[in-house]
Amino acid sequence: MILILLFLCVLFLYLGLASSKSDVFSPCVITSTIWMLCIILYLILPHNLPSLSWNFGLTLGCWIFGMCASSLFIENCKIKKSEYDDPGLIMRDVYLIISVLTLPSLFFYAQEVIEAGVSGNWARDLRLAALGKSTVSKEVYGGIHVIVWQVTFLLELYFFKPRKWYRLLVATVCCLSFCFVTMSKWNLLNVFFMTVSVLYFKKVFSLRHLLMGLGVFLVLCIMLQTVRQKSYGEEDFFVLYLVGSMSAFDTLEPFSSEHFGENTFRIIYAIAHRLGLSSIEPIDPILPWIQKPLQTNTYTGMYPFFKDFGVLGVALFSIVLGLVYGWFYKKAKSLKTFSVLAYSYFVTVMISQYVGDMFVTNLTGHVKFLCVLVFPFVCTKYGVFKIKKRG
């Protein structure tokens, strides 16, 4: 079973590189590479995890095939080339000012969490607060300003000018401060891959730089984990974060959701509940923890579809996601600013599929991000805030 999965990964890696002309940011290349590395690490890393089941192998095989085949299909289709003009400086100024004005709220939040903490570990207190397990009632992820920080960072990175280096510095401080206060490796991963992706599409970043950057990122993640170690088990870092989710998946039961499609269609349940149309509360995006075969609450990106609809659900929605990612990638290949920035945001979502689902669970957040990102482009296109010359 392992050999079949490896063969499938190698096959689609070859097809992805051939179709994209050796572009390592192709959805097909990302998907096949991620899973190939996870499987190899499962085989070579020392661990006490049980053998992966045939059920997992079949489900993962359907996932890889559906994701890669559909993304390759859409990549080779003709798509209408419509694009927004680059946003004007005034809109970038607005976003930068908002970022500066809202950043102090993050530090006030961190101060409140640390002062209210009872664990004796300030890093653990920050992480627990980010997970909603704190006496502090504020929601660190909830504000639209967090998305503004991300969009501002992408805009300033893309339009970086050496003589105005301070603009990018401010945007970077906002994003990295958020990573630090939430003690989140995923947020740090998001900043890293957004940066790498933008620079790669601008052709100022090579594969060699990517590998060097990954090394630096890995060191930062280990440091972050070391600081907050007491809040988690003693599992090996690499086993816990690189291969543990595959073994955790084998603890799941297909069709075990309480309500129809409650994981896959979480956004619908959330909207219906918010409007008072349904008494069913949306599922908590922080999934339940298990203790065996290891302490974790991540079950790969196949989790919502397998829980709701079994293997067939995984096969169907892998095709849907492959088409979505392939479409964004196809648009980004045109090197138009909006498409490049939008796809750069989704790169981390794709890479994180080996850990957990970051697409349908956070679909509301993705919609908000795209709205905040497109706003300055739309304003520029239709002349909003444009200063008219007299005479």
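Residues numbered from 1 in each chain as written. Predicted model: local features only at pLDDT ≥ 70, side-chain atom pairs only at ≥ 80, totals over all residues. Heavy atoms only, no water.

Q: Help me out: how do you make sense of the nonpolar core in this one?
A: Within soluble globular proteins, side chains that are nonpolar tend to cluster in buried spots. Trp35, Leu60, Trp63, Ile64 and Tyr343 are the most contacted members of the largest nonpolar core, which totals 111 residues. Excluding anything up to four places from it in sequence, Tyr343 contacts Phe25, Ser26, Pro27, Ile30, Phe201, Tyr325, Phe328, Tyr329, Ala332 and Met350. (Core = buried A, V, L, I, M, F, W, Y, C linked by side-chain atoms within 4.5 Å. Buried < 20%, exposed > 50% of the residue type's maximum accessible area, 1.4 Å probe, protein only. Contact = heavy atoms within 4.5 Å.)

Q: Where do I start with the packing of helix H7 (residues 165-182) against helix H8 (residues 185-201) in this structure?
A: The description of two helices packed together rests on the angle between their axes and the distance between the axes. At their nearest, the axes of H7 and H8 sit 8 Å apart, and the two run at 160° to each other. By the angle between their axes, H7 is roughly antiparallel relative to H8. The interaxial crossing formed by H7 with H8 has left-handed handedness. Packed against H7, whose contacting residues are Cys175, Leu176, Phe178, Cys179 and Thr182, the element H8 presents Asn187, Leu188 and Val191 at the interface. (Axes fitted to C-alpha atoms, helices over the stretch in contact; angles between N-to-C directions. Helix = DSSP H or I, 4+ residues; strand = E, 2+ residues; numbered from the N terminus. Parallel < 35°, antiparallel > 145°, perpendicular 65-115°, else oblique. Left-handed = near helix turned anticlockwise from the far one by under 90°.)

Q: Can you help me understand the packing of aromatic side chains in this one?
A: Centre-to-centre distance and the angle between the planes together describe a pair of aromatic rings. Inspection of the entire model under this criterion finds 26 aromatic pairs. When the centroid spacing of 4.8 Å and the interplanar angle of 40° are considered together, the rings of Phe328 and Phe346 count as tilted. Of the two residues, Phe328 sits in helix H12 (residues 303-332) while Phe346 sits in helix H13 (residues 337-351), which places them 18 residues apart along the sequence. Summarising the burial analysis for this pair, Phe328 and Phe346 share the class buried. The interplanar angle of 55° and the centroid separation of 5.5 Å between the aromatic rings of Tyr329 and Tyr343 together place this pair among those described as tilted. With Tyr329 in helix H12 and Tyr343 in helix H13, this residue pair connects regions lying 14 residues apart in the sequence. (Phe/Tyr/Trp six-rings, centres within 6.5 Å; stacked < 30°, edge-to-face > 60°.)

Q: Explanation requested: the packing of helix H6 (residues 144-158) against helix H14 (residues 363-381) in the structure shown.
A: Here H6 crosses H14 at 50°, and the two axes come no closer than 10 Å. In terms of orientation, H6 lies oblique with respect to H14. Here the hand of the crossing between H6 and H14 comes out right-handed. Contacts from Ile144, Ile147, Val148, Gln150, Val151, Leu154 and Leu155 in H6 reach Gly365, Lys368, Phe369, Val372, Leu373, Pro376 and Phe377 in H14.

Q: Can you help me understand a nonpolar patch on the surface in this one?
A: Taken together, the side chains of Phe160, Trp165, Tyr166, Leu169 and Val173 make up a nonpolar region of the molecular surface, amounting to roughly 500 Å² of accessible area. Mapped onto the fold, Leu169 is located in helix H7. (Patch = residues over 30% accessible without salt bridge, like charges linked within 9 Å, V, L, I, M, F, W, Y side chains within 5 Å. Areas by Shrake-Rupley, 256 points an atom, 1.4 Å probe, with all protein chains shown as cover. Salt bridge = Lys/Arg side-chain N within 4 Å of Asp/Glu carboxyl O.)

Q: Sorry, what's going on with unusual backbone geometry here?
A: Excluding glycine, most residues fall at negative phi; most peptide bonds, likewise, are trans. Residue Pro293 follows Lys292 across a cis peptide bond; omega there is 5°. Tracing the chain through its elements places Pro293 in the loop between helix H11 (266-274) and H12. Here Thr300, not a glycine, exhibits a phi torsion of approximately 75°, which is positive.

Q: Which parts of the structure should I look at to understand the side chain of Thr59?
A: Positionally, Thr59 belongs in helix H3 (residues 54-75). On the basis of relative accessible area, Thr59 is assigned to the buried category, the value being 0%. In this structure the side chain of Thr59 is engaged in a polar contact, spanning 2.7 Å, whose partner is the backbone oxygen of Asn55. Residues within four places of Thr59 in sequence aside, it is in contact with Phe249, Met302, Phe306, Val311 and Val314. (Polar contact = N/O pair within 3.5 Å; in protein donor to acceptor, adjacent residues only side chain to side chain.)

Q: Would you take a moment to explain the side chain of Ser247 for this structure?
A: Following the sequence through the fold, Ser247 ends up in helix H10 (residues 237-249). Looking at Ser247, the relative accessible area reads 3%, which means it is buried. The residues touching Ser247, leaving out its near neighbours within four places in the chain, are Tyr42, Leu49, Pro50, Leu52 and Pro293.

Q: Would you take a moment to explain the pattern of salt bridges for this structure?
A: Any two side chains of opposite charge can pair if their charged atoms end up close together. Considering all chains together, one arrives at four salt bridges under this definition. For Arg167, the salt bridge identified is with Glu156, shortest N-O distance 2.9 Å. Separated by eleven residues along the polypeptide, Arg167 in helix H7 and Glu156 in helix H6 bring together distant segments of the chain. Pair check on accessibility: Arg167 and Glu156 agree, each one buried. Several salt bridges share partner residues, and in doing so they unite Arg92, Asp93, Glu156 and Arg167 into one network.

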